[in-house]
Structures are given as C-alpha cells and as structure tokens.
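Take a look at the letters that make up each chain.
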Amino acid sequence: MKTITIKEISGTITSPAGFQAAGIHCGVKRKRNDLGIIYSEIPASAAAVYTKNIIQAAPITVTKESLEQSGNIQAVIVNSGNANACTGKKGLEDARDIRDAVAKHFQVLSNHVAVASTGIIGLPMPMEKIMPAISMLKPSGKKKRCCTIR
C-alpha cells in the first residue's frame, strides 16, 4: 500500500498553482451562493471517500463513474439547496446532465468532472436554474477574488 503524505498549506482553495474557483447564486437557495466550481487547468489525480450507507445520492454514483474511468478530475461542480438524493433514475440523469454541461463549458472530458450536491433530500433537481447558470461560472485564480466564504 502506498503511503501518501499530506502537507497543510495556508491560503485558499485557489492557492495551489493551476487551480481556480467561482461561486454564484442561481436561485436554488433564496439568497446565498448555491452553485460553485473548482477547476484545475490540467487533469489532477483524484481519490474519494464515500458513505457506506446503502442509500447514496446520484452525485456520488456519477462521481464514482468519473473516477473509475481514469482516476483524474479537472472540475468539481457543487450545488447547495438540493441534495439530489432519493431521486431515482431522474436524479441520475440530472447529475449526468450537469456533469456533461460542465465538461462542455470548460472543454474537459466528462469523466474528468465530479458532481457534489447538498441540501434537501427527495426533491427533483431544479435543472431549469442550474443548467443555464453553469455557463455563468467564470473561475479565477489567486489574483482575483471570486467569492466570499463566510
């Protein structure tokens, strides 16, 4: 088994060279930013830890699919306000559609996109709010502040 050493660095999510981020409000939540992206200029080696619960949200399934193909991730799309959990086949379709839209917008392979969602369980994803907002995500690096973390 390979041992990995993790070095803690101070800074922000965009402190590592080549990483960018953005966050916007697309209307899933009433007032706060609810859609974000973390983007790497090149595919990054990635690993994930998943819940062992037998009920796993659609974004977990889709992210597993992506990681199993190459072990690399170049973009992580995150939404809050809706967990896309317990949403059945439609939830999986929505998570894949989000992944594919992010891949197209950022010109990366679909299997290099991870999807993460948090929020209310059991409600359909508000795709009419999320899909058009993906093209509004314009990541920036260290020199520009893209969002406020509270």
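1. Details of the overall build of the protein
Tallying secondary structure elements over the protein gives 3 helices and 4 strands in all. For the protein, the succession of helices and strands along the chain, N to C, is β-β-α-β-α-β-α. Here the protein has a C-alpha radius of gyration of 15 Å; the compact-globule value for 150 residues is 15 Å, and the two agree. Principal-axis analysis of the C-alpha atoms places the extent of the protein at approximately 40 × 40 × 30 Å.

2. Concerning the packing of aromatic side chains
As enumerated under the stated definition, the model contains 1 aromatic pair in all. Over the ring of Tyr50 we find Lys64, and its NZ or CZ is 4.9 Å from the ring centre.

3. Notes on the nonpolar core
Ranked by size, the top nonpolar core spans 26 residues in total, and within it Leu35, Ile37, Ile77, Ile98, Val102, Ile130 and Leu137 carry the most contacts. Of all the secondary-structure elements, those providing two or more residues to this core are strand E1 (19–24), strand E2 (35–45), helix H1 (58–70), strand E3 (72–82), helix H2 (88–106), strand E4 (113–120) and helix H3 (127–134). The leading source of residues in this core is H2, at 6 residues.

4. Re the pairing of E2
Across 6 bridges, the pairing between E1 and E2 is antiparallel. Each bridged residue has a counterpart across the sheet, and for Gln20 the counterpart in E2 is Tyr39. In this structure, E2 lies alongside E3, joined through 7 bridges in antiparallel fashion. Looking at the pairing, Ile37 lines up with Ile77 of E3.

5. Quick look at H1
All of the buried residues in H1 are Ala58, Pro59, Val62, Thr63, Ser66 and Leu67. Viewed end-on, H1 has its buried residues packed into an arc of 160 degrees, placing them on one side of the element.

6. What about the side chain of Arg99?
Tracing the backbone through its elements, the reader meets Arg99 in helix H2. Of the polar contacts made by the side chain of Arg99, one reaches the side chain of Glu65; its length is 3.4 Å. Not counting the four nearest positions on each side in its chain, Arg99 is found in contact with Val62, Glu65, Ser66, Ser110, Val113 and Val115.

Parameters at a glance
- Residues numbered from 1 in each chain as written.
- Predicted model: local features only at pLDDT ≥ 70, side-chain atom pairs only at ≥ 80, totals over all residues.
- Heavy atoms only, no water.
- Helix = DSSP H or I, 4+ residues; strand = E, 2+ residues; numbered from the N terminus.
- Rg over C-alpha atoms; globule rule 2.2 N^0.38 Å.
- Phe/Tyr/Trp six-rings, centres within 6.5 Å; stacked < 30°, edge-to-face > 60°.
- Lys NZ or Arg CZ within 6 Å of the ring centre and 35° of its normal.
- Core = buried A, V, L, I, M, F, W, Y, C linked by side-chain atoms within 4.5 Å.
- Buried < 20%, exposed > 50% of the residue type's maximum accessible area, 1.4 Å probe, protein only.
- Pairing = 2+ DSSP bridges.
- Arc of directions from axis to C-beta.
- Polar contact = N/O pair within 3.5 Å; in protein donor to acceptor, adjacent residues only side chain to side chain.
- Contact = heavy atoms within 4.5 Å.

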